[in-house]
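Summary of the model geometry
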Amino acid sequence: MELILESLFNSVAIGSVLLVAALGLAIVFGLMGVINLAHGELMMVGAYSTYVTQLIFKLPILKPFYDIYVLIAIIIAFIVSGTVGILLERTVIRRLYGSPLETLLATWGVSLILQQFVRSVPLAYATGCVITIFISLLFSTVIPQNLLQGNRRKLIKTGALGTSAAAGVLTASALASLVSKLSRASSRNVDVTAPPWMRGGVDVLGMTFPKTRLLIIVITIISVVAVSIFLNKSVWGVRIRAVTQNRDMSECLGISTESVDVITFGIGSGLAGVAGVAVSLLGSVGPNVGGNYIVGCFMVVVLGGVGNLLGTVIASFSIGLMTDLIGAGRLLTIWPNMPQPLASTVDFFSTTSMARVMIFALIVGFLQYRPAGLFPQKGRMVES
Amino acid sequence: MTLSRKLFASLSTVAIASTITACGGSDSSTNFDDSVTVGILHSLSGTMAISESTLVDTEKMAIEEINKSGGVTVDGKSYQIKYIVEDGASDWPTFAEKSKKLIDQDKVPVVFGGWTSASRKAMLPVYESKDAFLYYPIQYEAQECSNNIFYTGATPNQQSEPATEFMYKRSPAAGKPFALVGSDYVFPRTSNTITKEQVKSLGGKVVYEDYLPLGNTEVAPIISKIKRALPDGGTIINTLNGDQNVAFFKQIQDAGITPSNGYYVMSYSIAEEEISTIGPEFLEGHYGAWNYMMSIDTPASKKFAKNFKKRWGSDRVVADPQESAYNMVYLWKKAVEKAGTFEDNAVRKALVGITFDAPQGPVTVMPNHHLSQTVRIGEITSDGNFKILEETDGPVLPQAWNQFEPSSKGYACDWTNPRKGERYKL
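Our subject in this report is the structure included herewith. It should be emphasised that the depicted structure is a prediction, and the values quoted were computed from it without experimental measurement.

What counts and what doesn't
Residues numbered from 1 in each chain as written. Chains lettered and ligands numbered in written order. Predicted model: local features only at pLDDT ≥ 70, side-chain atom pairs only at ≥ 80, totals over all residues. Heavy atoms only, no water. Helix = DSSP H or I, 4+ residues; strand = E, 2+ residues; numbered from the N terminus. Rg over C-alpha atoms; globule rule 2.2 N^0.38 Å. Buried < 20%, exposed > 50% of the residue type's maximum accessible area, 1.4 Å probe, protein only. Contact = heavy atoms within 4.5 Å. Areas by Shrake-Rupley, 256 points an atom, 1.4 Å probe, with all protein chains shown as cover. Lys, Arg positive; Asp, Glu negative; His and termini not counted. Charge placed at Lys NZ, Arg CZ, Asp CG, Glu CD. Disulfide = S-S within 2.5 Å. Patch = residues over 30% accessible without salt bridge, like charges linked within 9 Å, V, L, I, M, F, W, Y side chains within 5 Å. Salt bridge = Lys/Arg side-chain N within 4 Å of Asp/Glu carboxyl O. Core = buried A, V, L, I, M, F, W, Y, C linked by side-chain atoms within 4.5 Å. Buried area = accessible area lost by both parts, 1.4 Å probe. Nonpolar A, V, L, I, M, F, W, Y, C, P; charged D, E, K, R; others polar. Phe/Tyr/Trp six-rings, centres within 6.5 Å; stacked < 30°, edge-to-face > 60°. Lys NZ or Arg CZ within 6 Å of the ring centre and 35° of its normal. Pairing = 2+ DSSP bridges. Axes fitted to C-alpha atoms, helices over the stretch in contact; angles between N-to-C directions. Parallel < 35°, antiparallel > 145°, perpendicular 65-115°, else oblique.

Along the backbone of chain B there are 13 helices and 18 strands. Taking 426 residues into account, the globule formula puts the C-alpha radius of gyration at 22 Å, and chain B, at 22 Å, falls close to it. For chain B, the spread of C-alpha atoms along the principal axes amounts to about 70 × 70 × 40 Å. Relative to its 426 residues, chain B shows a buried fraction of 59%. Put simply, 65% of the contacts in chain B that link residues at least 6 apart link residues at least 24 apart. Roughly 16400 Å² of accessible area belongs to chain B as shown, and the carbon and sulfur atoms make up 54% of that amount. Here chain B contributes 43 positive and 50 negative side-chain charges, whose respective centroids are spaced 2 Å apart.

It is worth spelling out the overall build of chain A at this point. Tallying secondary structure elements over chain A gives 16 helices and two strands in all. In terms of overall size, chain A behaves like a compact globule, its C-alpha atoms giving a radius of gyration of 23 Å where 384 residues would be expected to give roughly 21 Å. Judged by the C-alpha coordinates and their principal axes, chain A covers about 85 × 60 × 35 Å. Within chain A, buried positions represent 48% of all 384 residues. The long-range fraction of contacts in chain A, counting pairs at least 24 apart against all pairs at least 6 apart in sequence, stands at 76%. When the accessible area of chain A is evaluated, it comes to approximately 18000 Å², of which 70% is carbon and sulfur surface. Counting 25 positive and 15 negative side-chain charges, chain A places the centres of these two groups 10 Å from one another.

The subject of this paragraph is the environment of Asp57(B). All names here are of chain B. With respect to the helices and strands, Asp57 occurs in helix α2 (residues 49–68). Asp57 gets classed as buried once you look at its relative accessible area, which sits at 13%. In sequence terms Asp57 and Gly88 are 31 residues apart; their C-alpha atoms lie 15 Å from each other.

This next bit is on the state of the cysteines. Residues and elements named next belong to chain B. Taken as a whole, this structure holds one disulfide over all chains when the rule is applied. Covalently, Cys145 is tied to Cys413 through a disulfide, its sulfur atoms 1.9 Å apart. Measuring handedness by torsion sign, the sulfur bridge of Cys145 and Cys413 sits at about -65° and is left-handed. Separated by 268 residues along the polypeptide, Cys145 in the loop between β5 (134–136) and β6 (149–151) and Cys413 in strand β17 (residues 411–414) bring together distant segments of the chain. The pair Cys145 / Cys413 is uniform in exposure class, with both members buried.

Along the chain, Phe282(B) turns up in helix α10 (residues 280–283). Overall, the relative accessible area of 5% leaves Phe282(B) in the buried class. Each C-alpha atom of the pair Phe282(B) and Ser372(B) lies 33 Å from the other, and the pair is 90 residues apart in sequence. Apart from the residues within four sequence positions on either side, Phe282(B) is in contact with Asp191(A), Thr193(A), Arg199(A), Phe249(B), Lys250(B) and Gln253(B).

Residues and elements named next belong to chain B. On the surface, Lys68, Lys303, Lys306 and Lys310 cluster together to form a positively charged patch. With three residues, helix α11 (residues 299–312) is the single largest residue contributor to the positive patch. Among the structural elements, Lys303 can be located in helix α11.

Now for the nonpolar core. Grouped together as the largest cluster of nonpolar side chains are 96 residues, with contacts concentrated most on Tyr135(B), Ile226(B), Ile236(B) and Trp332(B). Residue contributions to this core peak at nine residues, all from helix α12 (residues 320–339) of chain B. In this structure, Trp332(B) is in contact with Val36(B), Val38(B), Val72(B), Ile81(B), Pro109(B), Val110(B), Phe112(B), Tyr135(B) and Phe342(B), ignoring residues within four places of it in sequence. Judged by nonpolar contacts, the second largest core, of 76 residues, contains Ile74(A), Leu88(A), Ile93(A) and Val301(A).

All names here are of chain A. A surface patch of nonpolar side chains, about 510 Å² in accessible area, is lined by Ile75, Phe78, Ile79, Phe134, Leu138 and Val142. Of all elements in the fold, only α3 (69–91) and α5 (123–142) reach the threshold of two or more residues within the nonpolar patch. Structurally, Leu138 can be placed in helix α5. For Leu138, a relative accessible area of 42% translates into the label partly exposed.

Our focus in this paragraph is the interface of chain A and chain B. Interface size is commonly expressed as the accessible surface area that is lost when the partners come together. With 37 residues of chain A in contact, the opposing surface of chain B contributes 34 residues. For the pair chain A and chain B, the summed buried surface comes to about 2900 Å²; carbon and sulfur atoms form 44% of the total. In this structure, Asp191(A) and Lys250(B) form a salt bridge, with 3.5 Å as the shortest nitrogen-oxygen distance. For the side of chain A that touches chain B, the secondary structure elements donating two or more residues are α1 (2–31), β2 (207–210), α7 (211–233), α10 (257–282), α11 (291–304), α12 (309–327), α13 (330–334) and α15 (352–369) of chain A. Take the side of chain A that touches chain B: its biggest share by element is four residues, from α1(A). Taken together, the residues of the side of chain A that touches chain B break down into eight nonpolar, 21 polar and eight charged.

As a further point, take the packing of aromatic side chains. Two aromatic rings, taken as a pair, are described by how far apart their centres are and by the angle between their planes. For the coordinates displayed, the defined rule picks out 22 aromatic pairs over all chains. The interplanar angle of 80° and the centroid separation of 5.4 Å between the aromatic rings of Phe248(B) and Phe249(B) together place this pair among those described as edge-to-face. A single burial state applies to Phe248(B) and to Phe249(B), both of which are buried. Taken together, Tyr79(B), Phe112(B), Phe133(B), Tyr135(B), Phe150(B), Trp332(B) and Phe342(B) form an aromatic cluster joined through their ring pairs. Lying across the ring of Tyr97(A), Arg247(A) places its NZ or CZ 5.6 Å from the centre. When the ring centre of Trp312(B) is taken as reference, the NZ or CZ atom of Arg311(B) above it lies at 4.1 Å.

Moving on, we come to the pairing of strand β1 (residues 201–204) of chain A. Residues and elements named next belong to chain A. Here β1 pairs with β2 via four bridges, running antiparallel. Bridging from a neighbouring strand, Asp203 pairs with Thr208 of β2. Taken together, β1 and the strand that follows it, β2, pair antiparallel across an intervening segment of two residues, in which Leu205 is found at a positive phi of about 50°.

This next bit is on helix α5 (residues 160–169) of chain B. Counting buried positions over the ten residues of α5(B) gives eight, a clear majority of the element. By the burial criterion, the buried members of α5(B) are Ser160(B), Glu161(B), Pro162(B), Ala163(B), Thr164(B), Phe166(B), Met167(B) and Tyr168(B).

Attention shifts here to the packing of helix α8 (residues 235–245) of chain A against α10(A). Any two packed helices are characterised by how steeply their axes cross, that is the angle between the axes, and by the distance between the axes. All names here are of chain A. Where α8 contacts α10, the two axes come as close as 10 Å, and the packing angle between them is 105°. By the criterion of interaxial angle, the relationship of α8 to α10 is roughly perpendicular. Contacts between α8 and α10 involve Trp236, Arg239, Ile240 and Val243 from the former and Thr257, Ser259, Val260, Ile263 and Thr264 from the latter. Looking at the contact of α8 with α10 residue by residue, the class counts come to five nonpolar, three polar and one charged.

Okay, the sheet that holds strand β12 (residues 355–358) of chain B next. All names here are of chain B. Overall, antiparallel pairing links the three strands, which are arranged β12-β13-β14 in an open sheet. Looking at strand neighbours, the two that pair on one side only are β12 and β14 (371–372), the edges of this open sheet. Relative to β14, strand β13 (residues 361–365) runs antiparallel, the two being bridged by two bridges. By the bridge assignment, Thr364 is partnered in β14 with Ser372. Running at roughly 145° to β12, α12 makes contact with β12, β13 and β14 of the sheet.

Going through the model one piece at a time under the given rule, you end up with 26 salt bridges over all chains. Bridged by salt links that share partners, the residues Glu89(A), Arg90(A), Arg94(A) and Glu258(A) form one connected network.

As structure tokens, then:
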């Protein structure tokens, strides 16, 4: 009983990290068909914004609220990564729709730029940049179109840009002077520490459940539920799905496909930011943090079936289960008197490196039989 | 207008000044008869840059100190030391290529460089074929002894072996079984092979061994296996790499693998620099083994730490690899002065037997091109330092060929005797 419970918890814990990381990609890659190799770096941006939030909450004025900074960091990470994602969509990806190879190369380039950016730009100024972009994006949606006519157009646009730049510069200099750690560029990995109440474990039935793992599971569940409600119930969700199924027809019916692209990509990127918070609680935050997850994310999305949320969920939990069964040598504990040759094989694969090899081999094998994953997409897009 | 011109003028002055210091890297207060240019070759970009740049800082500091005290005196002439810094870019073939450039084009008499074993293995053939000389400052797995490399870091018998013995005999986990966890590459695997043999000969048991692929931070399966293999606590020997340590220590603490529950981690690659990155709250009560620790309470050690902080910033720390890098610059200076020339072969002969009062205590160059060094075991404290629990009575002699590993047992290295050389039977 205890064994099954422990195994189950481990599988869910491993699977939920994979799922939260892959969720954004499932939207960007699955629904939009954009191969975004910078997805990992958007996670990194989320992880760094958690770090910045943590430092801000250590300031004397916000000290009383330090205990809940992680929860606020989730929202901030969503906004920050979403902003960076929208900028990326507006500047690079929009020009490359329909040419997957170019998108792949361009986003890979962007991932390198982002990695080097956090290495060589002090985080205070990086925060300033994000705030400038965020406010100017906000202005461009908030200012009504009828104001933007004639001579006023230029004036208002310059004013908006100036305001957002000023806000960015102010935040950057304020942060740099208040928090000395943010005022210098560093390629060193930084550390996100959970507030004291979130450290340690909960003891149930003689077993220890790490609290950070529990929190990540909760974050994952909330994200999945929110995304599925958004996609299935909201107006924008319906539009997104419509554009996914048939872009030209949706446009004919009056859906602004451009806005749909921006929103879809923004949400996908924002979810990457949420994943960044989760990942920062488990390990350290550094320029390479995203690169470690990107392969796993694509693996989950491909295994689950491109464009299928349920597939992504099932794929990540089955990879989690396999990692635990193979990697922790669970099979030997379940079935102690296994015949000798089989037992030694299982034992051989029960190290972390070999378990990875085994899982990859199983996935490759599976995709030979079901090339489109667990839940293949049905509909017009497949035929075209 | 004038303001901007002034700004521009001051900016360009700063730029020129910094360019000059970057190239010359020395002060001009003393008069020198001549100058000598040495090579510094570490990664300034890529994944290893974080660690290796601290060595460049330390080597620059050592060179500046030497220049301030009159430079190198050879044959009655004083030489100012200048340096050329090359970037190995965390890419092993680049290390070999830049070595060739430093030797052939810049004609440096010596190169200080390297961190990973992979970079050293890539550079070794270059130095052997050109008969040049590389000084390598990192604690490593040994099983190598080149006539053209001079190793100032610890060999396993100067770090991991005393540490294993301490854990088995005198730590709170004494007599309990061992678990070995490392990153999946050459150093952890070689080091753990030695540890396994040693634990066997001590009468202990290694119950679990696992390697995390580089870049992987999912340690949940490892944690459940450690708990199953060591139900009543024990020693965990940790040879994980860089940021994998952060994931490991964060997650084992959450899972209850802590000193208060009887689990003690002995790490071979966590020094003061890494403690401050990982966070002392995750490491408190665990152990480390080094030759130099910042908390050594001697005037030499304090002066080293103080000078480094003064030169590079008060928040910086010094650790064992930096101390080795510092020592090697001074040892080279002493050898050149003893030989009376910069010529490779004469310096190599002069090197053996040279003693230097290092921050860790006296070190001596041995015939196998390694250093005799003092070994210290420390417990990590909440302020990010080591509390030194024990140290050897004096310097421990280095063993280039390991005496626990069956394939190298009974062998040694001696470059002062041409008949013995790289590997001879004791």
